[in-house]
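# Geometric and topological summary
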Amino acid sequence: MKGTIRSAAALALAVALGGCMGSNELAGTTLGGIAGGVIGNQFGDGDGKVAATALGAVVGASVGGAMGRSLDEQSRAMADQATHLALTSSGQEPIVWENPANSGGPATGQVRVVREGSSSTGQPCREYTSTVRIAGQSQEAYGVACREADGSWRIVQ
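Counting starts from 1 at the beginning of each chain's written sequence and moves along it residue by residue. Confidence filtering applies because this is a predicted model: local features only for residues at pLDDT of at least 70, side-chain atom pairs given and counted only at 80 or more, and all residues used for totals across whole chains, interfaces and linings. Side-chain measures were taken over the full set of non-hydrogen atoms in the model, leaving aside hydrogen atoms and water.

Two strands qualify as a pair provided DSSP detects at least 2 bridges between them. Here a strand is any run of E in DSSP of at least two residues, a helix any run of H or I of at least four, and the numbering for each starts at the N terminus. Here we have 5 strands laid out as an open sheet, ordered β1-β2-β3-β4-β5, and antiparallel in their pairing. Single-partner strands in this sheet number two, and they are β1 (95-99) and β5 (153-155). Here the average twist between neighbouring strands, direction ignored, is 30 degrees. Note on geometry: axes are lines fitted to C-alpha atoms, helical ones only across the stretch in contact, with angles between N-to-C directions running from 0 to 180 degrees.

This brings us to the nonpolar core. We define the nonpolar core as a collection of buried residues of types Ala, Val, Leu, Ile, Met, Phe, Trp, Tyr and Cys that are connected through side-chain atoms lying within 4.5 Å of one another. Each residue is assigned to one of three classes by its accessible area relative to the maximum for its type, calculated with a 1.4 Å probe on protein chains only: buried under 20%, partly exposed between the two thresholds, exposed over 50%. Counting 14 residues, the largest nonpolar core has L71, L87 and W97 as its most contacted members. Looking at this core, the elements that each hand over two or more residues are α4 (73-88), β2 (107-118) and β3 (124-134). A per-element tally of this core places α4 first, with 4 residues.

Our next topic: the pattern of salt bridges. Within this document, salt bridges are pairs made up of a side-chain nitrogen of Lys or Arg and a carboxyl oxygen of Asp or Glu, the two lying within 4 Å of each other. This model, assessed by the stated rule, comprises 3 salt bridges. Here E127 ties to R115 by a salt bridge, and the two come within 2.7 Å at their closest N and O atoms. Taken together, the residues span a long stretch of sequence, with E127 in strand β3 and R115 in strand β2 at a distance of 12 residues. The exposure class assigned to E127 is buried, which follows from its relative accessible area of 13%. A salt bridge links R126 to E116, with the shortest nitrogen-to-oxygen separation between them at 3.5 Å. Separated by 10 residues along the polypeptide, R126 in strand β3 and E116 in strand β2 bring together distant segments of the chain. Judged by relative accessible area, E116 falls into the partly exposed class, the value being 44%.

Spelled out as structure tokens, the structure:
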């Protein structure tokens, strides 16, 4: 379960911040492949585990690339802002965003903190879910962010 949370957070980060790496599609494909491989690795034993990891990487790369290709700069900014608002708010109500003019088709999303805790060093941390829907295709991810000394949030899983 912990590996699934980490890999899904990588995919969420690819979707929300894909433009930072230059190519949205490349960022989504790369991080989606990593996330899918980690998720696939949670299944099977021996050779079955290797096959599940490989299949997960291929599927993750495909989904991540399509999502990165379909989410334009304005939508990524809206998703990033929603993540920031969800992490800094005191409640667990979802922060919703919508961009009907997204270049890859209408895009919507929401980010919601699902649990609060602290790291082994005592930093406040929040587990969150993020859902992005582009032209009818939906992708959900999970992540954990911890508050830095300067008050900013850093995704750690």
